[in-house]
Amino acid sequence: QVHGIDISRHQGTVDWKLLKTATVGRFPIRFIFMKATEGGDFKDVEFDNNFANARNSGFLRGAYHFYNPETSGAQQAQFFINTVSLEIGDLPPVLDVEKKPKNVDAFRRDLSIWLQMVEQHYKVKPIIYSSKSFYKKYLDVPAFKNYPYWIAHYYVKNVDSNIHWNFWQYTDVGTLPGIKQNVDMDIFNGTWYQIFKMTLQQ
């Protein structure tokens, strides 16, 4: 089992030496996603430290963007690209989509623009993060079928079998050494070799 977490400024300053010792049962923490940006101009104040320390501590690392439907997809994509330098061995960029749109068609068009711009820049298909209910309502359409998915769905034994998922955020109240606040806990739907194959190779 390949376990991981996702963090942002809300977790405060991480004690990385302690976090390196963390396990879920007998399984170590292998990957960490970190919030990088939000909307068209907000950068997470802990991102640079978290991103550098995650790699230096031996974790697979990834960066995510929190999408704001009130700002153009192109502006948000360019802001993420300008902020985040991914390297070989990093996980693909993530688009965190959870705010309800006012206009669904315009929302889907702008999401597509973000995904296309980011894929073109990093040369890898981005991961889409969403809750199960949000996915069913807004993302379960052909335009978004071929992307890797990271699904948030709590208090259940598994994700809906009708949803193809690569990552599952199964709780938002995890506790781990090195992190004082509650933390989101995740699991990868595959082996260590398979998650490694998802990382940037060039």
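Details of the structure are given in the entry above.
Quick caveat, the model's predicted, so the values are computed rather than measured.

Visitor: Help me understand the packing of aromatic side chains, please; the structure alone is not making it clear to me.
Guide: Geometrically, a pair of aromatic rings is defined through the distance of the ring centres and the angle of the planes. All chains considered together, the criterion is met by 19 aromatic pairs. Each ring, one from Y64 and one from W150, has its centre 6.4 Å from the other, and the planes form 85°; the classification is edge-to-face. Here Y64 is found in strand β5 (residues 60–66), whereas its partner W150 is found in strand β8 (residues 149–152), with 86 residues between them in sequence. Considering the side-chain rings of F107 and Y138, the 6.1 Å spacing of their centres and the 75° angle between planes classify their relative orientation as edge-to-face. Of this pair, F107 sits in helix α4 (residues 104–122) while Y138 sits in helix α5 (residues 132–139), placing them 31 residues apart in sequence. Since its relative accessible area comes to 4%, F107 is described here as buried.

Visitor: Is there a simple way to explain the environment of N53 in this structure?
Guide: For N53, the position within the fold is in helix α2 (residues 47–56). Linking N53 and D15, residues 38 residues apart in sequence, is a C-alpha distance of 9.7 Å.

Visitor: Hey, could you run me through α4 in this one?
Guide: Residue pairs spaced three or four apart in an α-helix point in one direction, given the helix's 3.6 residues per turn. Its 19 residues give α4 an end-to-end C-alpha distance of 27 Å, which sits within 8% of 27 Å, the value for a rise of 1.5 Å per residue. By the burial criterion, the buried members of α4 are F107, L111, S112, W114, L115, V118 and Y122. Viewed end-on, α4 has its buried residues packed into an arc of 165°, placing them on one side of the element. Turned more than 90 degrees away from the buried face of α4, the exposed residues are D105, R109, Q116 and Q120. The inward-facing, buried residues of α4 abut β5, α3 (73–83), β6 (94–96), β7 (127–131) and α5. Its side-chain oxygen at 3.1 Å from the backbone nitrogen of D105, N103 defines the N-terminal cap of α4.

Visitor: I'm lost on the pattern of salt bridges in this one. Help?
Guide: When their charged atoms lie close together, side chains carrying opposite charge are able to pair. All told, the structure shown has 10 salt bridges when counted by the stated rule. The salt bridge partner of K102 is E70, with a shortest N-O separation of 3.9 Å. Remark: E70 occurs in the loop between β5 and α3 and K102 occurs in the loop between β6 and α4; sequence separation between them is 32 residues. For the pair shown, K102 and E70 are each scored as exposed.

Visitor: Sorry, what's going on with the packing of α3 against α4 here?
Guide: A pair of packed helices can be characterised by two numbers: the angle between their axes and the separation between those axes. Two elements in contact, α3 and α4, have axes whose closest approach is 8 Å; the angle formed by their N-to-C orientations is 30°. Between α3 and α4, the angle falls in the class roughly parallel. Viewed along their axes, α3 and α4 form a crossing whose handedness is right-handed. Listed contacts from α4 to G73, A74, Q76, A77, Q78, F80 and I81 of α3 are D110, I113, W114, M117, V118, H121 and Y122. The residue inventory of the contact of α3 with α4, partitioned by class, reads nine nonpolar, four polar and one charged.

Reading guide: rules and limits
Residues numbered from 1 in each chain as written. Predicted model: local features only at pLDDT ≥ 70, side-chain atom pairs only at ≥ 80, totals over all residues. Heavy atoms only, no water. Phe/Tyr/Trp six-rings, centres within 6.5 Å; stacked < 30°, edge-to-face > 60°. Helix = DSSP H or I, 4+ residues; strand = E, 2+ residues; numbered from the N terminus. Buried < 20%, exposed > 50% of the residue type's maximum accessible area, 1.4 Å probe, protein only. Expected span 1.5 Å × (residues − 1). Arc of directions from axis to C-beta. Contact = heavy atoms within 4.5 Å. Polar contact = N/O pair within 3.5 Å; in protein donor to acceptor, adjacent residues only side chain to side chain. Salt bridge = Lys/Arg side-chain N within 4 Å of Asp/Glu carboxyl O. Axes fitted to C-alpha atoms, helices over the stretch in contact; angles between N-to-C directions. Parallel < 35°, antiparallel > 145°, perpendicular 65-115°, else oblique. Left-handed = near helix turned anticlockwise from the far one by under 90°. Nonpolar A, V, L, I, M, F, W, Y, C, P; charged D, E, K, R; others polar.

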